[in-house]
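Chain and residue survey
Spelled out from the first residue to the last, the chains are:
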Amino acid sequence: MRTGINHLFIPGPTNVPEPVRMAMNVTMQDHRAHDYGAPNLGIFRDLKTLFRTTDGHIMLFPGSGTAAWEAAITNTLSPGDRVLMARHGQFSMLWAQMAERLGLKVDLIDVPWGAAAPVSEFARRLAADPAGEIKAVFITHNETATGVASDVAALRRALDEAFHDALLFLDGVSSIGCIPFEMDAWGVDLAVTGSQKGMMMPPGLGILGVSQKALKASETATMRRAFFEFSDQLKNNETGYFPYTPPVQLLHALRAALDQMMAEGLDNVIARHRRLGAGVRAAVKAWGMDLCAESPAHYSDTVTAIRTPEGVDARDVIRIGYDRYNASFGSGLGPLAGKAFRIGHIGHCNEGMCLTAIALAELSMAAAGAKITFGSGVAAAQEVYASHTADAARIAAD
Ligand SMILES: *Cc1c(COP(=O)(O)O)cnc(C)c1O
């Protein structure tokens, strides 16, 4: 029997704020009523603010991030199109697998799990393609499996310097709404996220930012799609409606989540993630353990993947955390199974939650056989959080 609350330290689904959860507790609505559409226009408007786009369109699909991946690909590319992708973690790997399944010719660059997207190699391949055979480049902004954030602005520069016209696809499932993301400034054509990570909502919505250039591409792209057809969405979304029954509850949750983010202020949301991530990484350093992430320039502020010491099975850490301390840590995915566990510090999260995660990770790791000085990680994170007190106080006063 587990008592108390389950501490959800996985990087998705993430904790849902009470106002967001309560916002879903409404009676069913007539989704064709004359007054149903107008409030949704505000949702689209605020999502554009969140995505930092004025030219782009937002589209909402029932489904998850994976569904939004599929919508992005099938609407804008054609079978046999050459695309450039990298594999450096579970999610970039799955995305490449999907692209292959859908009949794209994938130029795949394998880099170690823990490395960032290989932007200089992307640049080399783009520069070597003056004929523009590569139709799209894909980047996983924040590889949730390894806790690595990649440099999208640098990829944009590489495209521009090569005068390359490829569409830029971005997986922002664990980054948008948490760490800096600039759809327009970075020239992102298809930006994908889901509801259950940085958006602080339950799973069930795929959210897509679509540039004008991507819309144009969708007019001639011949890959088959039906449910995900952009033009159906566009036509209906114009007045706040959807081509088929929308997930009414989730739209209420989305409204409440956006309200919460806007009230905190997007810059403050980003600063908070930066602060929380720095604290968790300081704890890992104090434990004398390694991050999966190879380079400090690419540390993720939404999730930390921790390599367990030789002889300590990360699966034991996770099981002990769950069974004994009612705490859920993220598992090591793919080749990292047993070798790493993850702490999510994404979305509805604060210092107290991170310190609890660190304290329970210490207990769980010690029980799994790791040599841990109790409190070492907690103290290191407290130092980080204390040094941000002035910052935090200012935010609280806002
Ligand atoms: C979670 C995640 C996905 C998959 O999204 P689902 O909502 O589970 O379909 C894709 N990419 C990244 C980076 C993720 O973190």
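Structure: above.
It should be emphasised that the depicted structure is a prediction, and the values quoted were computed from it without experimental measurement.

Next up on the list: the sheet that holds strand 10 (residues 205-210). The strand order across the open sheet formed by seven strands is 2-10-9-8-5-3-4, and the pairing between neighbours is mixed. Only two strands of the sheet have a single neighbouring strand rather than two, namely strand 2 (57-62) and strand 4 (105-110). Direction aside, neighbouring strands of the sheet carry axes that sit 20° apart on average. Pairing of strand 3 (residues 82-87) with strand 4, which is carried by six bridges, proceeds in the parallel orientation. Within strand 4, the position partnered with R82 by the bridge is K105.

Another point: the site of the ligand. Every residue near the ligand is listed here: S64, G65, T66, W69, F91, N142, T144, D171, V173, S174, Q196 and K197. Q196 is positioned with one of its side-chain polar atoms (N or O) 2.7 Å from an oxygen atom of the ligand. One nitrogen or oxygen atom from the side chain of K197 is found 2.7 Å from an oxygen atom belonging to the ligand. Expressed as a share of its isolated accessible area of 380 Å², the protein-covered part of the ligand is 89%. Per element, the largest residue contribution to the shell around the ligand is three residues, and it comes from helix 3 (residues 65-76).

It is possible for side chains bearing opposite charge to pair when their charged atoms get close. Considering all chains together, one arrives at 19 salt bridges under this definition. Taking the shortest distance from any N to any O, the salt bridge between R225 and E229 comes out at 2.9 Å. As far as the burial class goes, R225 and E229 line up, both buried. With a closest N to O distance of 3.2 Å, R319 and D323 form a salt bridge.

Mapped onto the fold, A286 is located in helix 10 (residues 266-287). By relative accessible area, which is 38% here, A286 ends up partly exposed. Setting aside residues up to four positions removed in sequence, A286 forms contacts with S376, G377 and A380.

Take the nonpolar core next. Membership of the largest hydrophobic core comes to 51 residues, with the highest contact counts inside it found for L47, F51, L60 and L254. Ranked by residue count, the leading element in this core is helix 9 (residues 248-264), at nine residues. Once residues lying within four places of it in the same chain are set aside, the contact partners of L254 are I43, L47, L60, M199, M201 and L205. The next biggest cluster of nonpolar side chains, apart from the first, holds 34 residues, and it includes C349, L360, A361 and V378.

Scoring rules and cut-offs
- Residues numbered from 1 in each chain as written.
- Predicted model: local features only at pLDDT ≥ 70, side-chain atom pairs only at ≥ 80, totals over all residues.
- Heavy atoms only, no water.
- Pairing = 2+ DSSP bridges.
- Helix = DSSP H or I, 4+ residues; strand = E, 2+ residues; numbered from the N terminus.
- Axes fitted to C-alpha atoms, helices over the stretch in contact; angles between N-to-C directions.
- Near = heavy atom within 4 Å.
- Polar contact = N/O pair within 3.5 Å; in protein donor to acceptor, adjacent residues only side chain to side chain.
- Areas by Shrake-Rupley, 256 points an atom, 1.4 Å probe, with all protein chains shown as cover.
- Salt bridge = Lys/Arg side-chain N within 4 Å of Asp/Glu carboxyl O.
- Buried < 20%, exposed > 50% of the residue type's maximum accessible area, 1.4 Å probe, protein only.
- Contact = heavy atoms within 4.5 Å.
- Core = buried A, V, L, I, M, F, W, Y, C linked by side-chain atoms within 4.5 Å.

Interpretation in functional terms is not warranted from these geometric data alone.
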